[in-house]
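Working through the structure, step by step
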Amino acid sequence: MALKRNKITVVGAGFVGATAAHWAASNQLGDVVIVDIIEGMPQGKALDLRQAAPVVGFDSNVIGTNDYKDTADSDIVIITAGVPRKPGMSRDDLLAINTKIVKDVVTNIVKYSPNAILIIVSNPLDAMTYVAHKVSGFPANRVIGMAGVLDAARFRAFIAMELDVSVEDVNAFVLGGHGDTMVPLPRYSTVAGIPLPDLLPADKIEAMCKRTANGGAEIVNLLKTGSAFFAPSASAVEMVQSILLDKKRILPCCVYCDKEYGAGGYFVGVPAKLGKNGVEQIIEIKLTPEEKVAFDKSVAAVKELVKALPL
Ligand code: APR
């Protein structure tokens, strides 16, 4: 019996893309195709990764290419193509340039993989996910932005560092857009099931929420020449795993919300169930009045950005 392996395409062989390919291949989630416009670069990184396989012990095939034909019939496509920000830039400053890139990438991907599920990583995330949905013509359940897993992971890391506990016992909840207006929710963030407000004073929690919202910029300022890539790529691959293995994990993702959370037809960060069909359910929770104000402000920021899209 022929066993069909999953096919994972990663577009953009830069920091985020190459690291995503590494996580996906080393976790044996499927065969991996890395695409970039730069000649030789995706081929070189793919070959290097294949040569890591005997040491690490994985059998995923990894190829690099500049030709979208090689991506044909992908089950899932991670889109990381685009320009990262530099110190002093917000994600929104990347809007014009990355819209052009994401449009080009999605048009090519759709031609060869009409049934794929798209995971968008390029920034500004909520707007780029909107672009990918529009350009692909795919149903909304097959277009998902990676932001919430990363934002929650940052919050989880800060909680674990503050309390000196294992990250494995820490869960965190972040809603809204992937920008300065994101909404970390401490009352739904827990350590071994214990809500965070029962473990730490309000000012400490407030400081961690701020650091989470500013988590990307903190790294940009340290790196000076690019943005974060280990945690963003690991987060995208966690979503890929939930989909390809039909795990049905509940992960905070940037998904299409119309009536849900009163978002009115935009892609914003909310908890969603990810399985073999992509987004299988959006989990709605009742927000407190203050949380609702913060969430609406975040959605308003996403709407402004979408209005400014050069589509
Ligand atoms: N098609 C394919 N690849 C492209 C295209 C295109 N039209 N345009 C650019 N690329 C490639 C670049 O050649 C580069 O190799 O995208 C890659 C981006 O890699 P990096 O510059 O290393 O950027 P990275 O840190 O990976 O960030 C990529 O993810 O987190 C977001 O904000 C970040 O938007 C940025 C994206």
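Residues numbered from 1 in each chain as written. Predicted model: local features only at pLDDT ≥ 70, side-chain atom pairs only at ≥ 80, totals over all residues. Heavy atoms only, no water.

1. Notes on the site of the ligand
- In the vicinity of the ligand there are 22 residues, among which F15, V16, D36, T80 and N123 approach most closely.
- Between the ligand and the protein, one listed contact pairs an oxygen atom with a side-chain N or O atom of D36 at 2.7 Å.
- Contact distances for the ligand include 3.4 Å between an oxygen atom and a backbone N or O atom of G82.
- In the complex, 88% of the free accessible area of the ligand, which totals 730 Å², lies under the protein chains.
- Counting atoms within 2 Å of the grid points, the majority share of the ligand lands in the largest pocket. (Near = heavy atom within 4 Å. Polar contact = N/O pair within 3.5 Å; in protein donor to acceptor, adjacent residues only side chain to side chain. Areas by Shrake-Rupley, 256 points an atom, 1.4 Å probe, with all protein chains shown as cover. 1 Å grid on protein atoms, 1.4 Å probe; cavity = no way out; pocket = protein on both sides within 12 Å on 5 of 7 lines; lining within 4 Å. Sits in = over half its atoms within 2 Å of the grid points.)

2. A closer look at the nonpolar core
- Core analysis: the biggest nonpolar cluster contains 82 residues, and I78, I119, I144, L175, M239, V255 and V270 have the highest contact counts within it.
- Two domains each put at least three residues into this core: domain 1 (7-145) and domain 2 (148-307).
- If we skip the residues at most four places from it in the chain, I78 touches I8, T9, V10, V11, A20, I119, V121, A236, V237 and V240.
- In this structure, A160, V170, V174 and V191 belong to the second largest nonpolar core, which totals 16 residues. (Core = buried A, V, L, I, M, F, W, Y, C linked by side-chain atoms within 4.5 Å. Buried < 20%, exposed > 50% of the residue type's maximum accessible area, 1.4 Å probe, protein only. Domains from an automatic or database assignment. Contact = heavy atoms within 4.5 Å.)

3. Here's the deal with the pattern of salt bridges
- Taken as a whole, this structure holds 11 salt bridges when the rule is applied.
- As a salt-bridge pair, E162 and K204 come within 3.8 Å of each other at their nearest N and O atoms. Taken as a pair, E162 in helix α5 (residues 148-163) and K204 in helix α6 (residues 202-213) lie far apart in primary sequence, 42 residues in all.
- Taking the shortest distance from any N to any O, the salt bridge between R249 and E238 comes out at 2.7 Å. In this pair, R249 is assigned in strand β12 (residues 249-257) and E238 in helix α8 (residues 230-244), connecting sequence segments 11 residues apart.
- Residue R249 is classed as partly exposed on the basis of its relative accessible area of 30%.
- Overlapping salt bridges, with partners in common, bring together D246, K248 and E280 in one network. (Salt bridge = Lys/Arg side-chain N within 4 Å of Asp/Glu carboxyl O. Helix = DSSP H or I, 4+ residues; strand = E, 2+ residues; numbered from the N terminus.)

4. Here's the deal with the layout of surface pockets
- The space that makes up the largest pocket amounts to roughly 800 Å³.
- Contributing to the lining of the largest pocket are 38 residues, with T80, A81, G82, V83 and P84 lying nearest its centre.
- Elements represented by at least two residues in the lining of the largest pocket include exactly α1 (15-26), α3 (95-112), α5 and α7 (215-223).
- Residue classes in the lining of the largest pocket are distributed as 21 nonpolar, 12 polar and five charged.
- When residues of the lining of the largest pocket are assigned to domains, at least three map to each of domain 1 (7-145) and domain 2 (148-307).
- In this structure, the second largest pocket encloses a volume near 470 Å³.
- Considering the residues around the second largest pocket, the lining is formed by 21 residues, among which R156, N171, A172, L251 and P252 are closest to the centre.
- At five residues, α5 tops the list of elements feeding residues into the lining of the second largest pocket.
- Grouping the amino acids of the lining of the second largest pocket by side-chain chemistry returns 16 nonpolar, two polar and three charged. (Points joined across faces, edges and corners; volume = space filled by probe spheres on them. Nonpolar A, V, L, I, M, F, W, Y, C, P; charged D, E, K, R; others polar.)

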